[in-house]
Amino acid sequence: MSEHHDKGDGEPPAGPGSPPGPGSPGPGSPPGPSQDLKSVLVTSVLQLEEIDVGLYRGKNYWVPLSRRLFGGQIIGQALVAAAESVAGHLYAHSLHCYFVRAGDPGLPVLYKVDRVRDGRSFCVRSVKAIQHGEPILVLQASFHMDQPSPLQHQFSMPVVPPPEDLLSLEDLIRFVLGKPDLEEKVKRGFNRVLANEVPIEVRPVNPLQFSREVTTEPKRMFWVRARGHIGEGNMKLHGCVAAYISDYSFLGTTLTSYPDVRVKMMASLDHAMWFHNTFRTDEWMLYEVESPWAGGSRGLVQGRLWRRDGVLAASCCQEGLIRLTPSEEKSKL
């Protein structure tokens, strides 16, 4: 079970005040020559040590404020382990996984890969992520050979401002921290978020949703990309990075209709992902997320990752546990 406490799925705490509008100063250009290195997601987070045939070890590099392992890291590393065992012409087209225990950031994670099926055009792998001798995640991944078909359709990508016209989460936080009447508790929370650097860049289309200052329907969008340069030509690698990205600020979309609730715990229960087209995770992609249902202390979120040229790259779905503080749990849900 991938646990997040309060808003520990990568979001800053709620804070007063409206951020600057589109076009305000903020870094918008792609990584320059000084950053022309492999992303930290590739060189560190998704770099596994092969211990034996079908057995890998991964280290933990980014720990959310919840002090629990980030679910996207475990998904990404498990997919890396699965991809190591399939032929080069096969690419992941889907994954389905369950979080069964909270991860310990103080220990490496072992990944045991089982070869479920090797077919002509499809391969299936099962992966267990293990700590303390017990699984913390169970993942099934299916790999497919590229087979073009005349049957093709997709939804249309939403029309939103480009990432260059939007502020990053870090810029938004610094703007709020500059307010003279900011409560000390809120200030401490924002400073903790700034100090807890993540290996991906995020630019909210509606910044007020991320600070939970307004009530909106449970839908939101943000531009996202991996920090640093990864390059093209390795869709297996970009698929693993996308799996990491897909869990960031995902479940928190269930809260956009409840800006006043206090979250006791959020925990990812299961996660699914389908890969539709080629893409690069070190280039901006639009993450469109919505929550069609919440109830019974659980919430469901669905997401679509769009390439900047309007091509649907991947689809995601997740259910999570959402527990509120006792007093608000009775009145709000």
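This text goes with the structure placed above it.
Now for a look at the structure at hand. Remember, predicted model here, so these are calculated numbers, not experimental data.

## Overview of the overall build of the protein chain
- In terms of regular secondary structure, the protein chain is built from seven helices and 13 strands.
- Residues counted as buried form 51% of the 333 residues belonging to the protein chain.

## Comments concerning the packing of aromatic side chains
- Going through the model one piece at a time under the given rule, you end up with five aromatic pairs.
- Here Phe70 and Tyr244 contribute two aromatic rings whose centre-to-centre distance is 5.0 Å and whose plane-to-plane angle is 70°, an arrangement assigned as edge-to-face. Of this pair, Phe70 sits in the loop between strand S3 (55–58) and helix H2 (71–83) while Tyr244 sits in helix H6 (residues 235–246), and the two are 174 residues apart along the sequence.
- An aromatic cluster of at least three residues, connected via ring pairs, comprises Phe70, Tyr244 and Tyr248.
- Sitting over the face of the ring of Trp223, Arg308 holds its NZ or CZ atom 5.8 Å from the ring centroid.

## Brief notes about the nonpolar core
- Formed by 71 residues in total, the largest nonpolar core has its most connected members in Leu95, Tyr111 and Phe143.
- For this core, the leading source of residues is H2, giving eight residues.
- Of all hydrophobic cores here, the second largest spans eight residues; its members include Val160, Leu166, Leu286 and Trp306.

## Looking at the pairing of strand S10 (residues 263–275)
- Judged by how many residues are buried, S10 sits mostly within the fold: 10 of 13 residues are covered.
- Direction of pairing for S10 relative to strand S13 (residues 312–324): antiparallel, over a ladder of 11 bridges. Bridging across to S13, Trp274 finds its partner in Ser315.

## Some remarks on the side chain of Asp247
- The topology assignment puts Asp247 in the loop between H6 and S10.
- For Asp247, which is buried and forms no salt bridge, the nearest opposite charge comes from Arg220, at a distance of 10.0 Å.
- At 3.1 Å, the side chain of Asp247 forms a polar contact with the backbone nitrogen of Gly72.

## Here we look at the state of the cysteines
- Counting across every chain of the model gives zero disulfides.
- Left unpaired, Cys317 is separated from the closest cysteine sulfur, that of Cys316, by 8.8 Å.

## A look at the pairing of strand S2 (residues 49–52)
- With three bridges joining them, S2 and S3 adopt antiparallel strand pairing. Following the sheet pairing, Glu49 is matched in S3 by Arg57.
- Taking the residues between adjacent antiparallel strands as the criterion, S2 and S3 are bridged by two residues, where Gly54 takes a positive phi near 75°.

How each quantity is defined
- In this numbering scheme, every chain counts its residues from 1 along its sequence in written order.
- Two thresholds apply to this predicted model, a pLDDT of at least 70 for residue-level local features and 80 or more for giving and counting side-chain atom pairs, whereas whole-chain, interface and lining totals are computed over all residues.
- Just so you know, side-chain values use all the structure's heavy atoms and leave hydrogens and water out.
- Each helix corresponds to a stretch of at least 4 residues labelled H or I by DSSP, and each strand to a stretch of at least 2 residues labelled E; elements are numbered beginning at the N terminus.
- Only protein chains enter the accessibility calculation, which uses a 1.4 Å probe; a residue whose area is less than 20% of its type maximum is buried, one above 50% is exposed, and one in between is partly exposed.
- Between rings of Phe, Tyr and Trp, where Trp is taken as its six-membered ring, a pair exists when centres lie within 6.5 Å; planes separated by under 30 degrees are stacked, by over 60 edge-to-face, and by other angles tilted.
- Lysine and arginine charges are scored as sitting over a ring when NZ or CZ, respectively, is within 6 Å of the ring centre and within 35 degrees of the ring normal.
- For this analysis, a nonpolar core means a set of buried residues of the types Ala, Val, Leu, Ile, Met, Phe, Trp, Tyr and Cys, connected via side-chain atoms within 4.5 Å.
- For two strands to be treated as a pair, DSSP must find at least two bridges joining them.
- The charge count includes Lys and Arg as positive and Asp and Glu as negative, but it does not include His or the ends of the chains.
- A carboxyl oxygen of Asp or Glu within 4 Å of a side-chain nitrogen of Lys or Arg is what we treat as a salt bridge.
- Polar contacts, as used here, are pairs of N or O atoms within 3.5 Å; protein pairs need one atom able to donate a hydrogen and one able to accept it. Residues neighboring in sequence count only if both atoms are side-chain atoms.
- Cysteine sulfur atoms are paired as a disulfide whenever they come within 2.5 Å of each other.

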